[in-house]
Amino acid sequence: MTYVFTAQNFEKEVLKSKRLVLVDFWAPWCGPCKMMGPVIDELVEEMGDKVKIGKLNVDEGAAVASQFGIMSIPTMILFHDGAAVGQVSGVQTKANLAGMIKKAVKA
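Residues numbered from 1 in each chain as written. Predicted model: local features only at pLDDT ≥ 70, side-chain atom pairs only at ≥ 80, totals over all residues. Heavy atoms only, no water.

(A) Region of interest: the pattern of salt bridges. Using the criterion set out here, one finds 6 salt bridges in the structure. A salt bridge links E46 to K94, with the shortest nitrogen-to-oxygen separation between them at 2.7 Å. Residue E46 is located in helix α2 (residues 31-47), and its partner K94 is located in helix α4 (residues 94-106); the two are separated by 48 residues in the primary sequence. Residue K94 is classed as partly exposed on the basis of its relative accessible area, which comes to 25%. Three or more residues are tied together by salt bridges with common partners; here these are K12, E13 and K52. (Salt bridge = Lys/Arg side-chain N within 4 Å of Asp/Glu carboxyl O. Helix = DSSP H or I, 4+ residues; strand = E, 2+ residues; numbered from the N terminus. Buried < 20%, exposed > 50% of the residue type's maximum accessible area, 1.4 Å probe, protein only.)

(B) Broad picture of the pairing of strand β2 (residues 20-26). Most of β2 is tucked away, with 6 of its 7 residues classed as buried. With 7 bridges joining them, β2 and strand β3 (residues 51-57) adopt parallel strand pairing. Of the residues in β3, the one forming a bridge with W26 is N57. Running through α2, the crossover from β2 to the neighbouring parallel element β3 is right-handed. By the bridge criterion, 5 bridges tie β2 to strand β4 (residues 75-80) in an arrangement that is antiparallel. Note on β4: the bridge partner recorded for F25 is T75. (Pairing = 2+ DSSP bridges. Right-handed = clockwise from strand over helix to strand, strands pointing away.)

(C) Layout of the state of the cysteines. Following the criterion strictly, the structure yields 1 disulfide and no others. A sulfur-sulfur distance of 2.4 Å marks the disulfide that ties C30 to C33. One quick way to see it: the torsion about the S-S bond of C30 and C33 is about 80°, and its sign makes the bridge right-handed. Accessibility assignment for this pair places C30 and C33 in one class, buried. (Disulfide = S-S within 2.5 Å.)

(D) Examining the side chain of T75 more closely. Structurally, T75 is set in strand β4. Looking at T75, the relative accessible area reads 1%, which means it is buried. Separated by 2.9 Å, the side chains of T75 and S89 make a polar contact. With near-sequence residues (within four places) excluded, T75 lies in contact with V23, D24, F25, I70, Q87, V88 and S89. (Polar contact = N/O pair within 3.5 Å; in protein donor to acceptor, adjacent residues only side chain to side chain. Contact = heavy atoms within 4.5 Å.)

(E) The arrangement of α2 in detail. Counted at 1.5 Å a residue, the expected span for α2 with its 17 residues is 24 Å, and the 25 Å between its end C-alpha atoms agrees. Along α2, the largest kink reaches about 30° and is centred on G37; proline P38 follows within four residues of it. The complete set of buried residues in α2 reads C33, M36, G37, V39, I40, L43, V44 and M47. (Expected span 1.5 Å × (residues − 1). Bend = angle between axes of the 7 residues up to and from the residue.)

Spelled out as structure tokens, the structure:
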């Protein structure tokens, strides 16, 4: 299941989560963001037991995006215990994102 993160639930669902959380900062008008959709969906299927994966629409959650210095989208940030432990921007391969998650799981 791909989670939907909002300004209202971000602290509870991401920052206070006991699991690793991958947040895809995106917008519906962003072409590269749309390209990431299927990649994110595949990650959910393959790694959903290891990490909570979801999306935050930067148009609706501008304050959260600003808080984490999001300057371009798509940007994916991996959180652990409320802190960012990995970040990539632009279109990414599933292997690259999975590698970032696996590295954090071992840490």
